[in-house]
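Here is how the chains run, residue by residue.
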Amino acid sequence: MATTLGPGSRPGTAATPEAGAAADQAALLRVRGLSVTYPSARGPVPAVRDVAFDVRPGEILGLVGESGSGKSSVCTAVMGLLPDGTRLDADEIGFEGRDLARLRERDLRRIRGRRIALVPQQPMTSLAPTTPVGRQLRWYLGDRLDDPQLRGTLQAIGLGAVLDRPHDLPGAFSGGQLQRLVIAIAALAHEPALLLADEPTTTLDATVQAQVLKLLLTLREDLGLAVLYVSHDLAVVAQICDRVGVMYGGRLVETAPVAEIFTNPRHPYTRALVAAMPSTTPADQPLRPIPGTAEGANLLPGCPFAPRCPEVMDVCRTAMPAPVRRAAATVGCHRSGGEAGEAA
Ligand SMILES: Nc1ncnc2c1ncn2[C@@H]1O[C@H](COP(=O)(O)OP(=O)(O)OP(=O)(O)O)[C@@H](O)[C@H]1O
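Residues numbered from 1 in each chain as written. Predicted model: local features only at pLDDT ≥ 70, side-chain atom pairs only at ≥ 80, totals over all residues.

As annotated in an unreviewed UniProt entry, the protein chain carries the name ABC transporter ATP-binding protein and is attributed to Yinghuangia soli. In its Sequence similarities (unreviewed entry) section, the UniProt record describing the protein chain reads: "Belongs to the ABC transporter superfamily." Regarding the protein chain, the relevant UniProt record gives this comment under Subcellular location (unreviewed entry): "Cell membrane". (UniProt positions renumbered as here; feature names shortened; annotations may be inferred.)

This is the structure in structure tokens:
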């Protein structure tokens, strides 16, 4: 697609990832020491534990992991939308020169939706079900909706049906159309620097999913948007991400450029995840699911993957390995990370 979405060009991506301090300084979002603990009748639930990562301008960072690994909680923490009573600890949630972990709600509200926008799993959670779509578009885009160039853009990203039927309610459109509408509103209303997309294609079939992924790539290309893309599906992440963070039991066990996740996975959990993908399994061989379950992994004092790890050592059960930088990757593993790496 032509670059028609708006002014500004893509300010650079992590296609060639840098390691070390230079990369840290270039971060748009810089998360350090992030922990999220929910209260529950059975005691505190440590959902995210001492997580650190960067999202660089114009970069798409995937956050993958199985259900319950803490991906959504990371997004909710960054947005400052954790439920009341939840404990948030963070050395830093740095974004455009401010520490979101230390901002008052009033100041966070000015950033939410404007500089950081959220694309939810279910588009209907951010649309008003009884208000025609045309009116909702106008709420967010105002008079810009009459601009032929913007209308052309909306057409080009597959929202022609929404423009042609402005009086219809959201329920009259397909899930894929509504998800594109929500993404367009999130990206075009204020032109944020960062989009948090939490499993935005989970409920869509493969063809529509591909259209939504293409839209995100277009927005990144044309507006320079950075995206934190949450998914349990490594195959989806492979299609759009520059780098991938792998979560397990509330920990970020590995972060690496997307190609390395597939060709040179360093953490045993990442290796098991890649081996379990249908696309990496020859057609005549059965899938290789990871034995055991992740139940209770977030409560373990050592590496959360230790009980299922084929390479486990005694130390893995008692001490969480410190993340170590190895080339462009960061890995937290006593066996794979500890040899010649540099402390991350
Ligand atoms: N509001 C809450 N109160 C108590 N526990 C919660 C709450 N929200 C999430 N959790 C727990 O925190 C852990 C992490 O949940 P989270 O939703 O962040 O994981 P996830 O990786 O995004 O999972 P999914 O892919 O299923 O959304 C889980 O054990 C979950 O049950």
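All right, on to the confidence of the model for the protein chain then. In the predicted model, the protein chain carries a mean pLDDT of 87, and the fraction of residues at 70 or more is 88%. Note that pLDDT drops below 50 for residues 1–23; the model gives that stretch 44 contacts with residues more than four away or on any other chain. (pLDDT = per-residue confidence, 0-100. Contact = placed C-beta atoms within 7 Å.)

Turning our attention to the pairing of strand E2 (residues 45–55). The buried fraction of E2 amounts to 8 of the 11 residues, a majority that puts the element mostly inside the structure. Inspection of the sheet shows strand E1 (residues 29–38) paired to E2 by 7 bridges, in the antiparallel sense. By the bridge assignment for E2, Thr 37 is matched with Pro 46. Counting the residues that bridge the hairpin from E1 to E2 gives 6 residues, and of these Gly 43 lies at a positive phi of roughly 110°. (Buried ≥ 20, exposed ≤ 12 C-beta atoms within 10 Å, placed from the backbone. Helix = DSSP H or I, 4+ residues; strand = E, 2+ residues; numbered from the N terminus. Pairing = 2+ DSSP bridges.)

Our focus in this paragraph is the UniProt feature "domain: ABC transporter" (unreviewed entry) in the protein chain. In the numbering used here, UniProt assigns the feature "domain: ABC transporter" (unreviewed entry) to residues 29–274. Between the first and last C-alpha atoms of residues 29–274 the distance is 27 Å; the span itself is 38% helix and 26% strand.

Moving on, we get to the environment of Pro 321. Among the secondary structure elements, Pro 321 is positioned in the loop between helix H11 (314–318) and strand E12 (324–326). Distance from Pro 321 to Arg 87, taken between C-alpha atoms, is 24 Å for residues 234 residues apart in sequence.

What follows covers the nonpolar core. Within the largest apolar cluster, 88 residues are counted, with the highest numbers of intra-cluster contacts made by Ala 187, Leu 194, Leu 195, Leu 196, Leu 228 and Tyr 229. The dominant element in this core, judged by the number of residues it contributes, is helix H6 (residues 175–188), at 9 residues. Setting aside its immediate chain neighbours within four residues, Leu 195 contacts Ala 117, Val 119, Ala 186, Ala 187, Leu 225 and Val 227. (Core = buried A, V, L, I, M, F, W, Y, C linked by C-beta atoms within 7 Å.)

The subject of this paragraph is the site of the ligand. Lining the immediate environment of the ligand, one finds 14 residues, of which Tyr 38, Ala 47, Ser 67, Ser 72 and Ser 73 sit closest. Looking at the shell around the ligand, the elements that each hand over two or more residues are E2 and helix H2 (71–79). The element contributing the most residues to the shell around the ligand is H2, with 3 residues. In terms of residue class, the shell around the ligand is built from 4 nonpolar, 9 polar and 1 charged. (Near = placed C-beta within 6 Å. Nonpolar A, V, L, I, M, F, W, Y, C, P; charged D, E, K, R; others polar.)

Below, the discussion takes up the pairing of strand E8 (residues 194–198). Most of E8 is tucked away, with 5 of its 5 residues classed as buried. Because side chains alternate across E8, one face comprises the buried residues Leu 194, Leu 196 and Asp 198, and the other comprises Leu 195 and Ala 197, equally buried. Sheet topology places strand E7 (residues 116–119) next to E8; 4 bridges connect them, and they run parallel. Residue Ala 117 lies in a different strand from E8, and its bridge partner there is Leu 195. Here E8 runs beside strand E9 (residues 226–231); their pairing, made up of 5 bridges, is parallel. Within E9, the position partnered with Leu 196 by the bridge is Leu 228. Handedness of the crossover is the feature at issue here: the chain leaves E8, passes through helix H7 (residues 206–223), returns alongside E9, and the resulting connection is right-handed. (Right-handed = clockwise from strand over helix to strand, strands pointing away.)

Looking at helix H4 (residues 133–141), one finds that the buried residues are Val 133, Gln 136 and Leu 137. End-on, the buried residues of H4 take up no more than an arc of 100°, which puts them together on one face. What points out from H4, more than 90 degrees from its buried face, is the exposed set Arg 135 and Trp 139. For H4, the secondary structure elements touched by its buried residues are helix H5 (148–164) and H6. The positive-phi residue at the C-terminal boundary of H4 is Gly 142, with phi of around 55°. (Arc of directions from axis to C-beta.)

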